[in-house]
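Structure assessment
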Amino acid sequence: MNAKPLTGIRVLTLEQFGAGPYGTMFLAELGAEVIKVEAPEGDPSRHVGPYKLGPNDSEYFQAWNLGKRSVTLDIKSADGRRQFEALVKSADCVVNNLRGTQPARLGIDYASLAPLKPSIVCLHISAYGRSNERADWPGYDFLMQAEAGLMELTGDPEGAPTRVGVSLIDSMSGLTGIVGLLSCLLRARTTGQGCDVETCLYDVAMHQLTYPGVWYLNEGAVSPRVPRSAHLSLAPVQTFPTRDGWIFIMCMTQKFWLSLVKAMGREELLGDPRFGDPNSRAVHRAPLTDALDPTFRTRTTHDWLATFNGLLPAAPVYPLDRALDSGFARATGMVSGVPHPVKGTLRVIANPIRIDGERPSQAACAPLGADNGSLLNENDSLLGKHA
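Figured I'd write up the structure that's included with this text. Being a predicted model, the structure only gives us computed values, none of them experimental.

**Observations regarding the overall build of the protein**
Tallying secondary structure elements over the protein gives 16 helices and 11 strands in all. In terms of its C-alpha atoms, the protein occupies a principal-axis envelope of roughly 85 × 50 × 40 Å. For the protein, with 387 residues in total, the buried portion stands at 46%. Surface accessibility of the protein: about 19,000 Å² in total, with carbon and sulfur atoms responsible for 57%. Treating the 37 positive side-chain charges of the protein as one cloud and the 40 negative ones as another, the clouds have centres 3 Å apart.

Right, here's the structure in full:
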């Protein structure tokens, strides 16, 4: 990729753990110069195990922070503040994912930074927002899944409420924040007027309720957990056991249902009035499951996928290792590698965006404070000081 689309944009970010780092990692991989402004001890996620990459680095940390530079500054000190303000004058955006009232107290919101650069855009990603009774509460992804009702929608009806296996709300909050940031940056480039833009984990988690949320708000219907990870109102959209594992089938339309019964040799099901359309099949999901399970068990997952072969939406249910080692993941380039001073080559998940058919190149995040020399010397020049 000759020219990444965000080349020339400088982003300062005061961030840790998931939501902020995930969003700014996209900015870095799309060409922005993303500078992690870290306390002298670094982002705490640098120290998260079990797979360390030296004293101030880990595979956990790199998963959220690819492509970024690093400077260490104590912005509460006079010297650190001067260095930070010089960086602000050279930047387009300042990002943080601190508790709600901390940005104003630390002087990293728009009101504090606009006198230095009126066009600066300040993105705030917090747990609960900046102007409510919970502004100073700490909060993390799993708490949001719990309170927003997502855990009660996930898992087997007979089991405990279940969270998604990864920090999905962190990732969604990071991307939501970046959409807001880039939108405001476009305006600032046109008008010269910067601003604060914000989102929070709680709001993003609530927004993920989508249609079950709308159903409740308008009809008073509380959607339950359903067996086999099934869709709430369409069937068959669920897992089925095969001879050697599981397969997920998604007959979201009548066309796909007709293709399924034909491919399985179960055309007699078309005459059953209980299974006439996707919604009635959902009402009679249990007998439909009982009718299809024995047939699915006669063949392997691979055999069924070969049979369906694009006729209807279907996917194998893989554990993590098979997902990453699958031929399709490798063929599409979703597994990548970046040079790393300790690991040699650090294998990572590739960026999911393609531009003109090509994924953005990736790099490891810089070691803690690795860019102090170049960036802070640049500051000293701006400040008229000796390095």
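Here the narrative resumes, following the displayed structure.
**Comments concerning the pattern of salt bridges**
This model, assessed by the stated rule, comprises 20 salt bridges. Between Asp 371 and Arg 69 there is a salt bridge, with its nearest N and O atoms 3.2 Å apart. Of the two residues, Asp 371 sits in the loop between strand E11 (344-349) and helix H16 (372-383) while Arg 69 sits in strand E3 (residues 69-72), which places them 302 residues apart along the sequence. The exposure class of Asp 371 is buried, given its relative accessible area of 12%. What makes Arg 69 partly exposed here is its relative accessible area of 24%. Two residues, Arg 225 and Glu 152, come together in a salt bridge whose shortest N-O distance is 3.1 Å. Separated by 73 residues along the polypeptide, Arg 225 in the loop between helix H9 (210-219) and strand E7 (237-241) and Glu 152 in the loop between helix H6 (141-147) and helix H7 (168-191) bring together distant segments of the chain. One network of salt bridges, in which partners are shared, links Arg 10, Glu 33, Arg 69 and Asp 371.

**Here's the deal with the sheet that holds E7**
If you trace the three strands from one edge of the open sheet to the other, you get E7-E8-E9, paired in antiparallel fashion. The open sheet is flanked by E7 and strand E9 (314-316), the only strands paired with a single partner. Each strand of the sheet is rotated relative to its neighbour by a mean of 25°, with strand direction disregarded. Across five bridges, the pairing between E7 and strand E8 (residues 246-250) is antiparallel. Paired with Gln 238 across the two strands is Ile 249, which belongs to E8. Along the sheet, helix H12 (residues 285-296) makes contact with E7 and E8, crossing E7 at roughly 40°. Each of E8 and E9 is contacted by helix H13 (residues 301-308), which is oriented at about 25° to E8, the strand it contacts most.

**Details of the packing of helix H1 (residues 19-29) against H7**
The geometry of H1 relative to H7 is characterised by a closest axis approach of 7 Å and an angle of 50° between their N-to-C directions. Taken as axis vectors, H1 and H7 run oblique relative to one another. The element H1 and its partner H7 pack so that their crossing is right-handed. For the pair H1 and H7, contact is made by Ala 19, Tyr 22, Gly 23, Thr 24, Phe 26 and Leu 27 and by Asp 170, Ser 171, Ser 173, Gly 174, Leu 175, Ile 178, Leu 181 and Leu 182, respectively. Across the contact of H1 with H7, the residue classes break down as eight nonpolar, five polar and one charged.

**Quick look at the sheet that holds strand E1 (residues 10-14)**
With parallel pairing, six strands are arranged side by side in an open sheet as E3-E2-E1-E4-E5-E6. Among the strands making up the open sheet, the edge pair consists of E3 and strand E6 (195-200). The average undirected angle you get between the axes of adjacent strands in this sheet is 20°. Two strands pair when backbone bridges link them, and strand E2 (residues 33-38) and E3 are joined in this way by four bridges, in the parallel orientation. Residue pairing across strands places Glu 38 opposite Thr 72, the latter belonging to E3. Contacting E1, E2, E3 and strand E4 (93-96), helix H3 (residues 78-90) crosses the sheet at an angle of about 145° to E1. Strand contacts of H7: E4, strand E5 (121-126) and E6, with the helix running at about 165° to E5, the strand carrying the most contacts.

**A closer look at the nonpolar core**
In terms of nonpolar packing, the biggest core is built from 30 residues, with Val 11, Leu 27, Ala 32, Leu 123, Met 144 and Leu 181 touching the most fellow members. At the level of elements, H1, E4, E5, H7, E6 and helix H8 (201-207) are the ones that each hand at least two residues to this core. Here the element with the most residues in this core is H7; it accounts for six residues. Contacts of Val 11, omitting those with residues within four sequence positions, involve Leu 27, Ala 32, Glu 33, Val 34, Ile 35, Cys 93 and Val 95.

**Comments concerning the pairing of E2**
Where burial is concerned, most of E2 is hidden: five out of the six residues are buried. As paired elements, E1 and E2 share four bridges and run parallel to each other. From the neighbouring strand, Thr 13 faces E2, where its bridge partner is Lys 36. A crossover connection joins E2 to the parallel E3 through helix H2 (residues 59-65); in handedness this β-α-β unit is right-handed.

Criteria and cut-off values
- Residues numbered from 1 in each chain as written.
- Predicted model: local features only at pLDDT ≥ 70, side-chain atom pairs only at ≥ 80, totals over all residues.
- Heavy atoms only, no water.
- Helix = DSSP H or I, 4+ residues; strand = E, 2+ residues; numbered from the N terminus.
- Buried < 20%, exposed > 50% of the residue type's maximum accessible area, 1.4 Å probe, protein only.
- Areas by Shrake-Rupley, 256 points an atom, 1.4 Å probe, with all protein chains shown as cover.
- Lys, Arg positive; Asp, Glu negative; His and termini not counted.
- Charge placed at Lys NZ, Arg CZ, Asp CG, Glu CD.
- Salt bridge = Lys/Arg side-chain N within 4 Å of Asp/Glu carboxyl O.
- Pairing = 2+ DSSP bridges.
- Axes fitted to C-alpha atoms, helices over the stretch in contact; angles between N-to-C directions.
- Contact = heavy atoms within 4.5 Å.
- Parallel < 35°, antiparallel > 145°, perpendicular 65-115°, else oblique.
- Left-handed = near helix turned anticlockwise from the far one by under 90°.
- Nonpolar A, V, L, I, M, F, W, Y, C, P; charged D, E, K, R; others polar.
- Core = buried A, V, L, I, M, F, W, Y, C linked by side-chain atoms within 4.5 Å.
- Right-handed = clockwise from strand over helix to strand, strands pointing away.

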